[in-house]
Amino acid sequence: MSSKDTSDPACCLITGGAGFVGSRLRHVLQGRYRLVLVDDQSAGLPLPPERDGLSCHLADVRDLAAVTDVFARHRPEVVVHLAAIHHIPTCEADPYRATEVNVMGFQRILEACRANGCRKVVLASSGAVYDWVEGPLVETAPVAPRDVYACSKAANEHQLAAWCASTGGTGSIARMFNVIGPNDPNGHLIPDVLGRLEQAAGPVVELSLGNITTRRDFVDVDDMAAGLAAIVSSSALPPGRATTINLCGGADHTAAEIAGLLAAAMGLEARITSIPELRRSVDRPSQLGDPAKASALLGWRATRTLADSVQAIVREWQAGRGRPCRG
């Protein structure tokens, strides 16, 4: 049966499909779309076993031959592009590789979309592209990236806009704010803190961190997957342009607050200090999103509180190590 047979559900290709967000998005979309996952397995979970309605490909988005083959085989109607190097210290340490993967990799995907008739692309961008200002960031706020990762995401947004203008395709720029949840495979704040709390010898832990007063808008990974799925399924987005949508919670919290909640969920008390050698030289003081557009356009809002997310993170962490919480 042809992949374009009208009796079939539409085909959705997810790059980074085995990653932290991509693996959750797969669960949300399965049954509603024929899914194609593309992942180079550099981070995240293993690709799942293939089955009816799910195809998996081990491939790097920079590999022209591999990308061309996957698109020609499946001819997806919609693509969700999650594949990227997004750990900021990693991007800063190797900006050439980060730019090659994030910018040129996305260009490969866009050209494959053009060649194979895909007319809808959802880009995972970031709230980090916004200028450093206080207060809630709306989609029309100025863009002024200040690190390698944010620059690559801003470039992606321009790439998508140009693709939409030249093809008439429908583009969505999902400006994702800080995603948290159980089993994050990346070297972010929460896995780092959990690893150090696990080594605690007593109920009180001296915890040294970098910038502890910076505030971020944290969104549970399951809420983020639901937001992306709402964009994928939306028929309200206009063709010929890229529509920008914040996927955020609308509340911000400090790194010290997160660390304290993690410690409390593990039955510990954390005494938190900031030390210069762990502080990022470039770190915006605040990144708070305004979710009003996503609510009005998609009917989506984040539903899980920070406390909900932290409790789920610690439960999974402890279960994975066979250790009960102390509290």
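Please refer to the structure placed before this passage.
Calculation notes
- Sequence order as written defines the numbering, with residues in each chain counted from 1.
- Whole-chain, interface and lining totals are the exception, using all residues; otherwise, since this is a predicted model, local features are given only for residues with pLDDT of at least 70 and side-chain atom pairs are given and counted only at 80 or more.
- Just so you know, side-chain values use all the structure's heavy atoms and leave hydrogens and water out.
- For helices the rule is a DSSP run of H or I covering at least 4 residues; for strands it is a run of E covering at least 2, with both sets numbered from the N terminus onward.
- Ring geometry is summarised as follows: Phe, Tyr and Trp rings, the Trp one being its six-membered ring, pair when their centres sit within 6.5 Å, and such pairs are stacked at plane angles under 30 degrees, edge-to-face over 60 and tilted between the two.
- We call a charge positioned over a ring when the NZ of a Lys or the CZ of an Arg lies within 6 Å of the ring centre and within 35 degrees of the ring normal.
- Pairing of N or O atoms within 3.5 Å defines a polar contact, subject to two protein rules: one partner must be a possible hydrogen donor and the other a possible acceptor, and residues neighboring in sequence count only if both atoms are side-chain atoms.
- Pairs of residues are marked as contacts when any of their non-hydrogen atoms sit within 4.5 Å.
- Each residue gets one of three labels from its accessible area relative to the maximum for its type: buried under 20%, exposed over 50%, partly exposed in between, using a 1.4 Å probe on protein chains only.
- When DSSP finds two or more bridges between two strands, those strands count as paired.
- Here a crossover is taken to be right-handed if, once the strands point away from the viewer, the path from the first strand over the helix to the second is traced clockwise.
- Axes here mean lines fitted to C-alpha atoms, for a helix over just the part in contact, with angles spanning 0 to 180 degrees between N-to-C directions.

A. Geometry of unusual backbone geometry. Here Gln-41, not a glycine, exhibits a phi torsion of approximately 65 degrees, which is positive. Although it is not a glycine, Arg-75 adopts a positive phi angle of roughly 40 degrees. One can find Arg-75 in the loop between helix H2 (64-74) and strand E4 (78-81).

B. Representation of the packing of aromatic side chains within the structure. One pass over the structure, following the stated rule, counts one aromatic pair. An angle of 35 degrees between the planes, with centres 6.4 Å apart, marks the rings of Tyr-130 and Phe-177 as tilted. Note that Tyr-130 is positioned in the loop between strand E5 (120-126) and helix H5 (148-167) and Phe-177 in the loop between strand E6 (170-176) and strand E7 (178-180), a separation of 47 residues in sequence. Taking the ring centre of Trp-132 as reference, the NZ or CZ of Arg-146 above it sits at 4.3 Å. The ring of Tyr-130 has Arg-175 lying over it, and the distance from NZ or CZ to the ring centre is 4.7 Å.

C. Seen up close, the side chain of Thr-15. Here Thr-15 lies in strand E1 (residues 11-15). Among the polar contacts listed, one links the side chain of Thr-15 to the side chain of His-81, at a separation of 2.9 Å. Every residue in contact with Thr-15, bar those within four places of it in the chain, is listed here: Val-38, Val-61, Val-80, His-81, Leu-82, Ala-83 and Ile-109.

D. Layout of the pairing of E5. Among the seven residues of E5, seven are classified as buried, and the element is accordingly described as predominantly covered. Alignment of E4 against E5, held across four bridges, turns out to be parallel. Considered in E5, the bridge of His-81 is made with Leu-123. Where E5 and E6 come together, seven bridges link them in parallel fashion. Following the sheet pairing, Val-122 is matched in E6 by Ser-172. The β-α-β motif built from E5, the intervening H5 and the parallel element E6 has right-handed crossover chirality.

E. Geometry of the sheet that holds strand E11 (residues 241-247). What the seven strands build is an open sheet, ordered E3-E2-E1-E4-E5-E6-E11; its pairing is parallel. In the strand order of this sheet, the two ends are held by strand E3 (54-58) and E11, each with one partner. Averaged over all pairs of adjacent strands, the angle between their axes in this sheet comes to 15 degrees, without regard to strand direction. Of the strands in this sheet, E5, E6 and E11 are in contact with H5, which crosses E5 at around 160 degrees. Across the face of the sheet, helix H7 (residues 221-233) comes into contact with E1, E4, E5, E6 and E11 while running at roughly 150 degrees to E5.

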